[in-house]
Amino acid sequence: MKHDTNYTIVGGGLAGALMACYLGKAGHEVNVYERRPDLRGGKAPAGKSINLAISERGIAALRRIGLAERVLDRAVPMRGRMIHSPEGRLSFQPYSKNPNDAINSVSRGGLNAILLEKADSYPNVTLHYEHKCIDVDLDAAKAQFEVGTKGELVTAEGDVIVGADGAFSAVRAKMQHLDRFDFRQDYLRHGYKELVIPPGEHGTHRIEKNALHIWPRRSYMMIALPNEDGSFTCTLFWPFDGPHSFAAVEANGNALGYFKTHFQDAVPVMPTLAEDYARNPTNSLVTVRCGPWNYKDKAVLVGDAAHAVVPFYGQGMNAAFGDCIALDECLAAGGADRADALAEYYRQRKTHIDALADLAIGNFVEMRDHAGSPGFRFKKWRERTLHTLLPGWYTPLYNMISFSQVPYGDALKRARRQDRIVRWVCGAAALIVAVVVLWILLTRFIG
Ligand SMILES: Cc1cc2nc3c(=O)[nH]c(=O)nc-3n(C[C@H](O)[C@H](O)[C@H](O)COP(=O)(O)OP(=O)(O)OC[C@H]3O[C@@H](n4cnc5c(N)ncnc54)[C@H](O)[C@@H]3O)c2cc1C
């Protein structure tokens, strides 16, 4: 493949900035167009969530451009779930038998800024801020942008457009007009709102630092991820409507009272709760499935533009980074035919990302409805025990997703196979015990 291809990347978020680094490193001419101002100047919010969890897949993607250590230095490792019961009782469930296995809480804005800085360090990468994509000509690989707020228009002409412009992608919107392009989006009936637990004295963490905190309450929940400065970002996942919902709390105008009843141990560490609740927006959660993500040798989608997933497995960004690795490798291996390389990238990723979308929704139900129950604790204990006793054969699904790079669909298949065998062995063992007990009883009474 020739190395002087001209790439137009739409979106300088997490996936767009990383892809710019990969393409820049490979020697291509790259222009990144981002709708927001440069967040490195502190002028723009980073979007979506204040912090997020990066795990093995995301770290591997950073390693390729020498950024893993720098990012992990600023991360807070979370080694398990800390469950908060309605009465305020705490129980810790490690993620793995191996205490070094952790997911890492990082600042979204901080990570995006590091990636943009790295992209900027390649002389063949140019970043354009406050450029909002408003139209795309797929066949000509041209994109039109509105610059700033004065309505000035510019057109970018290159060889390939990379749509990295998130769940409501303008590039994808154009691809949706193509014949045989599949598209589906599903909103959850739950939304989310971010709140804060501020740092304690001298920047200490007011609750356990190295855990992902969960307040599971069946149809709704709150979680909290630690930040480096001692604070936690809490996220409420509540239904929009119904008895325990954003609408219900807004109708009686007493968020604090609601928290005192349902999240009582959180209230003393959230002194600005009422103001934060009133000020912060309530956002929706969407799953986007579409395909194909490639168009001839002209356009390709990465990250949320190709596949937004709900955040309950903490994998959306990790998967977006996996896309960037796969696309980079397919382009490098693709020889002269870029159209084939883009098609191969889509073929490699699609089924695995579809599996992740389902896993993410499943994990919401698990976190919200079951995480506090004795049955869930037993299941996690059984998984850890089997993993310890049979490390070569049994790996829990969570470990394969968060602490390995086994493709998502393969991880899911393997987990189902393991669970089938465990169920079969347990069933056979129970049958043998029953037969032995029956035989003892019969020989006693008949004999
Ligand atoms: C509440 C929440 C928590 C999450 N937590 C995690 C987590 O813990 N771990 C994890 O791995 N994932 C998490 N995710 C998912 C993760 O945020 C996304 O998967 C990730 O941001 C995808 O990166 P992206 O670059 O594809 O999209 P985005 O981050 O959405 O970036 C898209 C970029 O494109 C720009 N843009 C949009 N439209 C245009 C346009 N028309 N023209 C120019 N630029 C444009 C945007 O300004 C933005 O900078 C979470 C998501 C949510 C909602």
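Shown above is the structure to which this text applies.
Residues numbered from 1 in each chain as written. Predicted model: local features only at pLDDT ≥ 70, side-chain atom pairs only at ≥ 80, totals over all residues. Heavy atoms only, no water.

Novice: Can you lay out the sheet that holds strand β4 (residues 76–78) for me, pointing to particular residues and giving the numbers?
Specialist: In space, the three strands of this open sheet follow the order β3-β7-β4, with antiparallel pairing throughout. This sheet does not close on itself; its edge strands, each paired only once, are β3 (51–54) and β4. Strand-to-strand twist across the sheet, computed as the mean angle between neighbouring axes with direction ignored, equals 35°. Alignment of β4 against strand β7 (residues 103–107), held across three bridges, turns out to be antiparallel. Across the sheet, the residue bridging to Met-78 is Ile-103, located in β7. (Pairing = 2+ DSSP bridges. Helix = DSSP H or I, 4+ residues; strand = E, 2+ residues; numbered from the N terminus. Axes fitted to C-alpha atoms, helices over the stretch in contact; angles between N-to-C directions.)

Novice: An account of the side chain of Ser-404 is requested, with residue identities and associated values reported.
Specialist: Tracing the backbone through its elements, the reader meets Ser-404 in the loop between α13 (397–402) and α14 (408–446). The class of Ser-404 is buried, set by a relative accessible area of 18%. A polar contact of 3.1 Å, which involves the side chain of Ser-404, links it to the backbone nitrogen of Val-406. Excluding residues within four positions of it along the chain, Ser-404 makes contact with Glu-56, Arg-57 and Asn-399. (Buried < 20%, exposed > 50% of the residue type's maximum accessible area, 1.4 Å probe, protein only. Polar contact = N/O pair within 3.5 Å; in protein donor to acceptor, adjacent residues only side chain to side chain. Contact = heavy atoms within 4.5 Å.)

Novice: Which residues make up the pairing of strand β5 (residues 80–84), and what values do they have?
Specialist: Among the five residues that make up β5, five are buried, leaving the element largely enclosed by the rest of the structure. Counting the residues that bridge the hairpin from β5 to strand β6 (residues 90–94) gives five residues, and of these Gly-88 lies at a positive phi of roughly 90°. Two strands pair when backbone bridges link them, and β5 and strand β14 (residues 212–216) are joined in this way by three bridges, in the parallel orientation. Bridging from a neighbouring strand, Ile-83 pairs with Ile-214 of β14.

Novice: How would you summarise the nonpolar core if you had to cite specific residues and measurements?
Specialist: Grouped together as the largest cluster of nonpolar side chains are 111 residues, with contacts concentrated most on Ile-9, Leu-62, Leu-111, Leu-115, Leu-212, Phe-312 and Phe-321. At 12 residues, the largest contribution of residues to this core is made by helix α11 (residues 338–370). Those residues within four positions of Leu-212 in sequence are excluded, and the remaining contacts are Met-78, Gly-80, Arg-81, Met-82, Tyr-95, Ile-103, Ile-223, Ala-224, Leu-225 and Met-367. In this structure, Met-222, Val-249, Val-269 and Met-270 belong to the second largest nonpolar core, which totals 23 residues. (Core = buried A, V, L, I, M, F, W, Y, C linked by side-chain atoms within 4.5 Å.)

Novice: So what's going on with the site of the ligand? Which residues, and what values?
Specialist: The environment of the ligand is made up of 29 residues, and the closest members are Glu-34, Arg-36, Ala-53, Arg-108 and Asp-304. A distance of 2.6 Å separates an oxygen atom of the ligand from a polar atom in the side chain of Arg-108. Contacts to the ligand include Gly-314, whose backbone N or O atom sits 3.2 Å from an oxygen atom. Burial of the ligand by the protein amounts to 91% of the accessible area it has alone, namely 1,000 Å². The set of elements that each furnish at least two residues to the shell around the ligand consists of α1 (14–25), β3, β9 (131–137) and α10 (316–333). Residues of the shell around the ligand, tallied by class, amount to 11 nonpolar, 10 polar and eight charged. (Near = heavy atom within 4 Å. Areas by Shrake-Rupley, 256 points an atom, 1.4 Å probe, with all protein chains shown as cover. Nonpolar A, V, L, I, M, F, W, Y, C, P; charged D, E, K, R; others polar.)

Novice: Any details on a negative patch on the surface? Residues and values, ideally.
Specialist: A surface patch of negative charge is lined by Glu-69, Asp-73, Glu-228 and Asp-229. Take Asp-229: it is sitting in the loop between β15 (221–226) and β16 (232–239). (Patch = residues over 30% accessible without salt bridge, like charges linked within 9 Å, V, L, I, M, F, W, Y side chains within 5 Å. Salt bridge = Lys/Arg side-chain N within 4 Å of Asp/Glu carboxyl O. Lys, Arg positive; Asp, Glu negative; His and termini not counted. Charge placed at Lys NZ, Arg CZ, Asp CG, Glu CD.)

Novice: Tell me about the sheet that holds β14, and please be specific about residues and values.
Specialist: Read across the sheet, seven strands follow the order β6-β5-β14-β15-β16-β13-β17 without closing on themselves; strand pairing throughout is mixed. Sheet topology places β6 and β17 (283–291) at the edges, where each strand pairs with a single neighbour. Sheet twist, expressed as the average angle between the axes of neighbouring strands with direction ignored, equals 25°. Direction of pairing for β5 relative to β6: antiparallel, over a ladder of five bridges. The residue of β6 that forms the bridge with Gly-80 is Pro-94. Running at roughly 150° to β17, α11 makes contact with β13 (182–197), β14, β15, β16 and β17 of the sheet.

Novice: Kindly report on the packing of helix α2 (residues 56–63) against α10, identifying the contributing residues and their values.
Specialist: A pair of packed helices is characterised by two quantities: the angle between their axes and the separation of those axes. Two numbers describe how α2 lies on α10: the axes approach to 8 Å, and their chain directions differ by 40°. The orientation of α2 with respect to α10, classified from their angle, is oblique. Crossing hand, α2 versus α10: left-handed. Contacts from Arg-57, Gly-58, Ala-60, Ala-61 and Leu-62 of α2 reach α10 at Asn-318, Phe-321 and Ile-325. Per-class residue counts for the contact of α2 with α10 are five nonpolar, two polar and one charged. (Parallel < 35°, antiparallel > 145°, perpendicular 65-115°, else oblique. Left-handed = near helix turned anticlockwise from the far one by under 90°.)

Novice: Tell me about the pattern of salt bridges, and please be specific about residues and values.
Specialist: Pairs can form between side chains of opposite charge whenever their charged atoms are close. In this structure the tally under the stated criterion is 22 salt bridges. Notably, a salt bridge pairs Arg-64 with Glu-329, separated by 3.2 Å at the nearest N-O pair. Of this pair, Arg-64 sits in the loop between α2 and α3 (68–73) while Glu-329 sits in helix α10, placing them 265 residues apart in sequence. On the accessibility criterion, Arg-64 (30% relative accessible area) is partly exposed. With a closest N to O distance of 2.8 Å, Glu-344 and Arg-347 form a salt bridge. Here Arg-347 and Glu-344 lie together in helix α11, a separation of three residues that amounts to about one turn.

Novice: Break down the packing of α10 against α11 for me, citing the residues and quoting the values.
Specialist: Contact geometry for α10 and α11: axes closest at 9 Å, N-to-C directions at 155°. The orientation of α10 with respect to α11, classified from their angle, is roughly antiparallel. The two elements α10 and α11 cross, and the hand of that crossing is right-handed. Residue-level inspection shows Ala-319, Gly-322, Asp-323, Ala-326, Leu-327, Cys-330 and Leu-331 of α10 in contact with α11, the latter providing Arg-338, Ala-341, Leu-342, Glu-344, Tyr-345, Gln-348, Arg-349, Ile-353 and Leu-356.

Novice: Residue-level account of the pairing of strand β1 (residues 6–10), with values.
Specialist: With four of its five residues buried, β1 lies for the most part within the structure. Note that β1 and strand β2 (residues 29–33) share five bridges and pair parallel. Counted as the bridge partner of Val-10 is Tyr-33 from β2. Of the crossover connections in this fold, the one passing from β1 over α1 to the parallel β2 is right-handed. Two strands pair when backbone bridges link them, and β1 and strand β12 (residues 160–163) are joined in this way by four bridges, in the parallel orientation. Looking at β12, one finds that Tyr-7 is bridged to Val-160. (Right-handed = clockwise from strand over helix to strand, strands pointing away.)

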